[in-house]
Amino acid sequence: MRHSLGWRAGLLAATVLASVAVGSTVLAMTASRPAGSGPGAHGPVQTPRLVQQQPRERGTFRPRSVPGGQRGFGPLQLPPMPQDPDDAPLARREPLLRDGNVPYDFYFSRIAYSGTALWGYASWSVDFPKADRQFLLGVRRLIETLDLYPFENAMLLDSEKLRDFPFLYAVEVGHMLLTPSERDGLRNYLLSGGFLMVDDFWGSLEWAHFVRQMSEVLPGFTIEPVPMDHPLFHTFYDINRVVQVPNLGLARDFRRGISTKTWEQDGYTAEVLGIFDENRRLMVAINWNCDLGDAWEWAESFEYPLEFSTYAYQIGVNTIVYAMTH
Amino acid sequence: MFEFLFNYRSELFSQGELTFLAGPVRLLMLSVGLALTAWALHRYRKSLTGSDKASGPVQGLLLALRALGVGALVVALLEPALALSAIKPQESFVAVLADTSASMTVTDTEDLDQPAATRAAWLDRSLVGAPFDNEPGDLWRDLATRFQVRAYAFDETAGRIDFAEPLSFDGRRSDLGSALTMVRSELTGVPLAGVVVLTDGAIESTDVLIDESLRFRSAGIPIFPVAVGSARFDRDLEIAEIRVPRRTLLGSTVLAQVQIGYPGFAGETITVEIRDEGRVIQQRTAELPVGGDDTMSLELSFRTQAEGTRSLEFAVTPQSRAAEAVTLNNTKTVLLEVESGPHKILYFEGEPRFEYKFIRRAVAEDPQLQLVSLLRMADNRFYRQSVDGEDELRGGFPTRREELFKYRGLVLGSIEASFFTYEQMRMIVDFAAERGGGVLFLGGSNALAEGGYAGTPLSELIPTELSDRREVGPRGVSVNVQPTALGREHAALQLQGTSDDAFWASLPELLVLNRTGRLKPGAAALLAGQTAGTQEAQLVLAHQRFGAGSSMLFLPTDSFRWQMRLPTEDQTHEILWRQILRWLINGVDDRVVASPQRDRVELGGDAVLEATVRDQRFQADPNALVEAEVTSPSGATSRFDLTWDPLTEGRYSGELSVNEPGLHAVTVFADTGEGSQATAATAKANFTFEAGSLNEEFFGAVRQAGVMTRLASETGGQTFAGNDISALIDQLSYSTAGVTVREERPLWNMPILLCLILLGLLGEWSARRWKGLR
């Protein structure tokens, strides 16, 4: 996650994803440069460029400036937010609709929330957009019938259009500082039947911050563990244990045998928790002490252990299926 | 007029035969006279021919007029007479049947001498006379001068009456058939000249009545109904008919259609109420339109809130409390079976999409619906929800009829036609046509024409024509949804208790991807929309009956926007889908369908119970063992077999005599003999009927001529009005039944003959004067 690494990947992402699907351990990957090196290791996110592009992708991906861009924390340093999700934060290459005004069935929408800047860029945009795209690449192969929009889709919580996308993904929620209109937007979104998947926040400090934010979004609701027999773990894959998915740096050390550490801060144990509505339907699926986004982002890297990326794809696919069926 | 010209009523001429009373001497004289007349006419013609003033036609006219005068005179001299078989006084009998049912207490004045008298008062006056004077009434007295009178009162029973006893008008129905049976058996061997029936015509047209009318006809005994009451009330408010489904699901919105008759109330305001156990559950106020036929139809929708058999009382109340002819017909009760489910509907979706999730969500909390869902994730990989047990739909979409037909409804989402085998498609068609299920097609990028449905068996089932152009791909059109005129009144589309245009206009636009052709004949559009830009009409929701079942089409692919876009507490999306899916399975039958022939049975009458039994493949089963268990209001149960109806395959029936008022619960068990376990093969159905006083006498209480006219014409009798008793007695006196003598009535003095003589002679004279002839 925080290894927003300069990225010159030469990896065969699709091959990796296929092997995730079948549980194969055979990886055919090449890396032109080790991750974590090169310019921009702690700078603004560089534009990712997929080596094996999808047939629909045409033209070149224009460089963009990332909102935020200042170091440090605090409300005074909130990243400037885009005014309209259709204009920014990215210049979209692909329209949201197909020819003939036909929408896709599923958009992987990421919340562009107000929050503190993190290592010089907005915390919501960690791993963005490579993780989103690479995850969707996998989902498209795994759930064959799902008609998905294969690109990232960042949404503002107080946008009117938010409600057209009943699935949301958020990262680094330990750095989220929602404005009143964002709180209202998220509350109404969730109570109307929208679904939020939360990922990539660690330890008790970030937890406490997230809980405080959510208690303002959904007062009266509690966060509770999702039991292993819950449909979330069985909608597509049968998942029998929660795996702690580390960031790329830790995963690399883990693979090399240098360290067995997979946690950050004091988040030693990964947990899947949830906020349920009055009918016991999951509204918010919270992956705490876990970094699924990095696993998606680096799934094609030979340095990223398969056991982590496999779990990350499985829980991600299950969460999408759950959100689209319950 | 006829009677004035011919001395007697026309009926007597049709009964009797014409004869001449002139003897041989007079005939001889007449023939001589005729010969002289002929000679005189001949001479007369010759004299005319000689004149230059009389042209050909004038000669003809003059001759004809004179011949007419002479001819009429000759006929009169022949002394014509009408030969009739007349009743021998005091040797024949007349049976008088008086209707003493409750409808005779209606006050209507037409045909009566006294204003504002009841029908019963007329009957009393006619038959039993004034109280305590021990004299019979007018009719009885007049009849008794020529006949032996046997009087009977009839309502649901019949019995002999005497003029000394007052009549009581409390019968709950008028069973004339049984009364005629009694008369026939009591008066066997007696010379019966005819039967007089004094009634308002509110009589049951039963099989017994038809049978009896044929027996009287073959015996040559005429029946003379005397119509009491007026054919139209001056002022009366009546619930003529109520249309409510017989069964519905708990929590469903029910639309009741109430037909109100209101002679004399036009322009006034009324209130219609629906009461369940005395509690008002719905009411509506309306102004009665002026003009037209004084009937109107009102619609009231209400939600069922309690399970079981509901006895719903509909009452209409005028705001002005002015008097009306009958007040008992202002309330009417109907039975509504409120069932609790859950009833299973199979929802098959070809691709994960949010529409699937939100439809499931909308009905998830509806305890009456079980939306069993099958979602295709990949080839041969399905995600199942709300299934009963591990085995249900394990192999994907059903391949056997038994498997599919256990659902009441089927929803097909965005799934291409090529997914189904030909047999599966035929099975889905049979699901609607034979099993009677409801099939709902949803729009989607792989549905309908875009999913290749054109030309497949499933296209028969879709309420619209489909384009079969292969190049057709989905295209999105945003529509503003509005109900059609039909949809506005439809129970399934009563979303906010209002059919307000503003409410519909406030809903977010929905997207339609599929292209459809025109509606099929018999299909109806319930929701339509206008496209935002082009203002073109776009179909949204359509419905059609299909065989025993129905099919529906809902085109938008993102109705979830009505959930996501509207305020969180808004229930529009939930209510829409619950009501659409409830409607989809409304009236869908199980394997055993049982019902009473009539929902409400008069106490002391027979309840006829009927059942139709089908096997697990929903084909009529003529070999089942069918038994009914009846629980009376006091809790006593009785069981009896229903017998096979040889005329209709799979149909069984039985009769039960009802002696206890209240709701009788019936369970019909049918053992279709399939499977190894007896329990698996036994299917059952429940229903309820109510026994008690129905006040049916007071509905349609105006004088009903239909049955009376038919009865008279069948038996050779005639219908009379209440003020035409003398004609009745006249007619009876010449009945061919009973002990009769031949009676010859003179006709020579008929005024018509005098008129003809005068016309002939005076006419001829005038014509001559006119032409200047001598």
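On a predicted model such as this, the values are computed, not experimentally measured, just so you know.

1. With respect to the overall build of chain B
Okay, step 1: On a plain count of helices and strands, chain B comes out with 20 helices and 36 strands.
Okay, step 2: Summarising the internal contacts of chain B: among those between residues at least 6 apart in sequence, 74% fall at separations of at least 24.
Okay, step 3: When the accessible surface of chain B is split by element, carbon and sulfur atoms take 51% of a total near 33,700 Å².

2. Re the overall build of chain A
Okay, step 1: Check the secondary structure of chain A and you find 7 helices and 11 strands.
Okay, step 2: Considering only residue pairs separated by 6 or more positions, chain A has 77% of its internal contacts joining residues 24 or more positions apart.
Okay, step 3: Summing over all exposed atoms, chain A offers an accessible surface of approximately 12,300 Å²; the carbon and sulfur share of this is 53%.

3. Considerations on helix α11 (residues 422-433) of chain B
Residue and element names in this part refer to chain B.
Okay, step 1: The end-to-end C-alpha separation of α11 is 16 Å, in line with the 16 Å expected for 12 residues at 1.5 Å each.
Okay, step 2: All of the buried residues in α11 are Gln424, Met425, Met427, Ile428, Val429, Asp430, Phe431 and Ala432.
Okay, step 3: On its buried face, α11 sits against α10 (401-405), β19 (409-412), β20 (438-442), α12 (458-461), β24 (537-546) and β25 (549-554).

4. Looking at the sheet that holds strand β3 (residues 93-99) of chain B
All names here are of chain B.
Okay, step 1: Strand order in the open sheet formed by 6 strands is β5-β4-β3-β6-β7-β35, with mixed pairing between adjacent strands. Only two strands of the sheet have a single partner each, and these edge strands are β5 (158-160) and β35 (720-721).
Okay, step 2: Looking at chain direction, β3 and strand β4 (residues 148-154) are connected through 7 bridges and run parallel. Among the inter-strand pairings, aspartate 99 is bridged to a residue of β4, identified as phenylalanine 154.
Okay, step 3: Helix α19 (residues 725-733) contacts β3, β6 (192-199), β7 (223-227) and β35 of the sheet and is inclined by roughly 180 degrees relative to β7.

5. Some details on unusual backbone geometry
Okay, step 1: In this chain, phenylalanine 128 of chain A is followed by proline 129 of chain A through a cis amide linkage whose omega measures 0 degrees.
Okay, step 2: Position of proline 129 of chain A among the secondary structure elements: in the loop between β5 (121-122) and α2 (130-142).
Okay, step 3: The residue aspartate 127 of chain A is not glycine, and still its phi comes out positive at about 70 degrees.
Okay, step 4: Within the secondary structure, aspartate 127 of chain A is located in the loop between β5 and α2.
Okay, step 5: Its identity is not glycine, yet leucine 393 of chain B carries a phi of approximately 60 degrees, on the positive side.

6. Some points on the pairing of strand β10 (residues 271-276) of chain A
Residue and element names in this part refer to chain A.
Okay, step 1: β10 sits mainly inside the fold: 5 of its 6 residues count as buried.
Okay, step 2: Examined bridge by bridge, strand β9 (residues 223-225) and β10 share 3 bridges and lie antiparallel to one another. What sits directly across from proline 225, in β10, is leucine 273.
Okay, step 3: Of the pairings in the sheet, the one linking β10 to strand β11 (residues 282-288) comprises 6 bridges and is antiparallel in character. Counted as the bridge partner of isoleucine 275 is valine 284 from β11.
Okay, step 4: The antiparallel hairpin formed by β10 and β11 contains 5 residues in its connecting segment, where arginine 280 sits at a positive phi of about 60 degrees.

7. A look at the pattern of salt bridges
Okay, step 1: On inspection of all chains with the given rule, the structure shows 49 salt bridges over all chains.
Okay, step 2: For the salt bridge of arginine 243 of chain B with glutamate 241 of chain B, the shortest nitrogen-to-oxygen distance reads 3.6 Å.
Okay, step 3: With relative accessibility at 38%, the residue glutamate 241 of chain B sits in the partly exposed group.
Okay, step 4: Linked through salt bridges whose partners overlap, the residues forming this network are Glu160 and Asp164 of chain A together with Asp558, Arg561 and Arg565 of chain B.

8. A word on the nonpolar core
Okay, step 1: Counting 174 residues, the largest nonpolar core has Trp577 and Leu581 of chain B as its most contacted members.
Okay, step 2: Counting residues per element, this core draws most heavily on helix α7 (residues 306-325) of chain A, at 11 residues.
Okay, step 3: If you look at the next biggest cluster of nonpolar residues, it comprises 32 residues, including Val96, Leu143, Ala151 and Phe224 of chain B.

9. Considering the interface of chain B and chain A
Okay, step 1: Across the boundary between the two partners, chain B contributes 33 residues, which contact 36 residues of chain A.
Okay, step 2: Of the roughly 2,900 Å² buried between chain B and chain A, counting both surfaces, carbon and sulfur atoms make up 52%.
Okay, step 3: It is Phe354, Met377 and Met564 of chain B that lose the most area in chain B upon contact with chain A, and together they represent 24% of the buried surface on that side.
Okay, step 4: Applying the counting rule to chain B against chain A returns 4 salt bridges.
Okay, step 5: Ionic pairing is found between arginine 565 of chain B and glutamate 160 of chain A, a salt bridge with its closest N-O pair at 3.6 Å.
Okay, step 6: At the surface where chain B touches chain A, the tally comes to 16 residue pairs in polar contact (both at pLDDT 80 or more).
Okay, step 7: Counting only elements with at least two residues in the side of chain B that touches chain A, the list comes to α9 (354-364), β17 (369-378), β18 (381-385) and α15 (561-564) of chain B.
Okay, step 8: For the side of chain B that touches chain A, the element with the most residues is α9 of chain B, which contributes 7 residues.
Okay, step 9: Residue composition of the side of chain B that touches chain A, grouped by class: 15 nonpolar, 6 polar and 12 charged.

10. Here we look at the packing of helix α4 (residues 56-77) of chain B against helix α20 (residues 751-771) of chain B
All names here are of chain B.
Okay, step 1: Packing of α4 against α20 brings their axes to within 8 Å, and their N-to-C directions diverge by 155 degrees. Between α4 and α20, the angle is such that the two are roughly antiparallel. Read as a crossing pair, α4 and α20 show a hand that is left-handed. Of α20, the residues touching α4 (which contributes Val58, Leu62, Leu65, Arg66, Leu68, Gly69, Ala72, Leu73, Val75 and Ala76) are Leu753, Leu756, Ile757, Leu759, Gly760, Leu761, Gly763, Glu764, Ala767, Arg768 and Lys771.
Okay, step 2: In terms of residue class, the contact of α4 with α20 is built from 14 nonpolar, 3 polar and 4 charged.

11. Focus on the packing of aromatic side chains
Okay, step 1: For the structure shown, the criterion picks out 45 aromatic pairs over all chains.
Okay, step 2: Pairing phenylalanine 135 of chain A with tyrosine 313 of chain A gives two aromatic rings, centres 5.7 Å apart and planes at 50 degrees, and the pair type is tilted. Within this pair, whereas phenylalanine 135 of chain A is found in helix α2, its partner tyrosine 313 of chain A is found in helix α7, the two being separated by 178 residues in sequence. The pair formed by phenylalanine 135 of chain A and tyrosine 313 of chain A is uniform in burial state, with each residue classed as buried.
Okay, step 3: Relative to phenylalanine 397 of chain B, the ring of phenylalanine 348 of chain B lies with its centre 5.2 Å away and its plane at 40 degrees, an arrangement referred to as tilted. One end of the pair, phenylalanine 348 of chain B, is in strand β16 (residues 343-349); the other, phenylalanine 397 of chain B, is in the loop between β18 and α10, and 49 residues separate them in sequence. By the burial criterion, phenylalanine 348 of chain B is buried, and phenylalanine 397 of chain B matches it.
Okay, step 4: Feature note: the residues Phe106, Phe108, Phe135, Phe167, Tyr169, Phe195, Trp296, Tyr313 and Tyr322 of chain A together with Phe354, Phe358 and Phe560 of chain B constitute an aromatic cluster, connected by ring pairs.
Okay, step 5: Across the ring face of tyrosine 104 of chain A, the terminal group of arginine 98 of chain A is positioned such that the distance to the ring centre comes to 4.1 Å.
Okay, step 6: One cation-aromatic arrangement involves arginine 280 of chain A over phenylalanine 276 of chain A; the distance from NZ or CZ to the ring centre is 4.1 Å.

12. Quick look at helix α18 (residues 706-715) of chain B
Residue and element names in this part refer to chain B.
Okay, step 1: Residues of α18 that are buried include every one of Met708, Leu711, Ala712 and Thr715, and no others. Here the buried residues of α18 occupy an arc of 95 degrees about the axis, which is enough to place them on one side. Turned more than 90 degrees away from the buried face of α18 sit Gly706 and Ser713, all of them exposed.
Okay, step 2: On the buried face of α18, the contacting elements are α7 (176-186), β6, α8 (207-219) and β7.

13. Quick look at the pairing of strand β7 (residues 167-171) of chain A
Residue and element names in this part refer to chain A.
Okay, step 1: Counted residue by residue, β7 has 5 buried out of 5 residues, so it is predominantly covered.
Okay, step 2: Residues of β7 alternate between two faces, with Phe167, Tyr169 and Val171 on one and Leu168 and Ala170 on the opposite face, all of them buried.
Okay, step 3: Summarising the sheet, strand β3 (residues 109-111) and β7 pair through 2 bridges and their orientation is parallel. If you follow serine 109 over to β7, its bridge partner there is leucine 168.
Okay, step 4: Chirality of the crossover, the property in question, places the unit of β7, helix α3 (residues 180-191) and strand β8 (residues 195-199) among those that are right-handed.

14. Section: the environment of glutamine 571 of chain B
All names here are of chain B.
Okay, step 1: Take glutamine 571: it is sitting in the loop between α15 and α16 (572-585).
Okay, step 2: Its relative accessible area of 36% is what places glutamine 571 among the partly exposed residues.
Okay, step 3: Taking the C-alpha atoms as reference points, glutamine 571 and alanine 362, separated by 209 residues in sequence, lie 8.9 Å from one another.

15. Thoughts on the packing of α3 of chain A against helix α4 (residues 203-217) of chain A
Residue and element names in this part refer to chain A.
Okay, step 1: It is the contact of α3 with α4, at a shortest axis distance of 8 Å, that shows an interaxial angle of 70 degrees. With respect to α4, the axis of α3 lies roughly perpendicular. Across the interface between the two elements, Arg183, Leu186, Arg187 and Leu190 from α3 touch Met214, Glu216 and Val217 from α4.
Okay, step 2: Here the residues of the contact of α3 with α4 sort into 4 nonpolar, no polar and 3 charged.

Quick notes on the rules
- Residues numbered from 1 in each chain as written.
- Chains lettered and ligands numbered in written order.
- Predicted model: local features only at pLDDT ≥ 70, side-chain atom pairs only at ≥ 80, totals over all residues.
- Heavy atoms only, no water.
- Helix = DSSP H or I, 4+ residues; strand = E, 2+ residues; numbered from the N terminus.
- Contact = heavy atoms within 4.5 Å.
- Areas by Shrake-Rupley, 256 points an atom, 1.4 Å probe, with all protein chains shown as cover.
- Expected span 1.5 Å × (residues − 1).
- Buried < 20%, exposed > 50% of the residue type's maximum accessible area, 1.4 Å probe, protein only.
- Pairing = 2+ DSSP bridges.
- Axes fitted to C-alpha atoms, helices over the stretch in contact; angles between N-to-C directions.
- Salt bridge = Lys/Arg side-chain N within 4 Å of Asp/Glu carboxyl O.
- Core = buried A, V, L, I, M, F, W, Y, C linked by side-chain atoms within 4.5 Å.
- Buried area = accessible area lost by both parts, 1.4 Å probe.
- Polar contact = N/O pair within 3.5 Å; in protein donor to acceptor, adjacent residues only side chain to side chain.
- Nonpolar A, V, L, I, M, F, W, Y, C, P; charged D, E, K, R; others polar.
- Parallel < 35°, antiparallel > 145°, perpendicular 65-115°, else oblique.
- Left-handed = near helix turned anticlockwise from the far one by under 90°.
- Phe/Tyr/Trp six-rings, centres within 6.5 Å; stacked < 30°, edge-to-face > 60°.
- Lys NZ or Arg CZ within 6 Å of the ring centre and 35° of its normal.
- Arc of directions from axis to C-beta.
- Right-handed = clockwise from strand over helix to strand, strands pointing away.

Without other data, these values stay purely geometric and don't point to any function.
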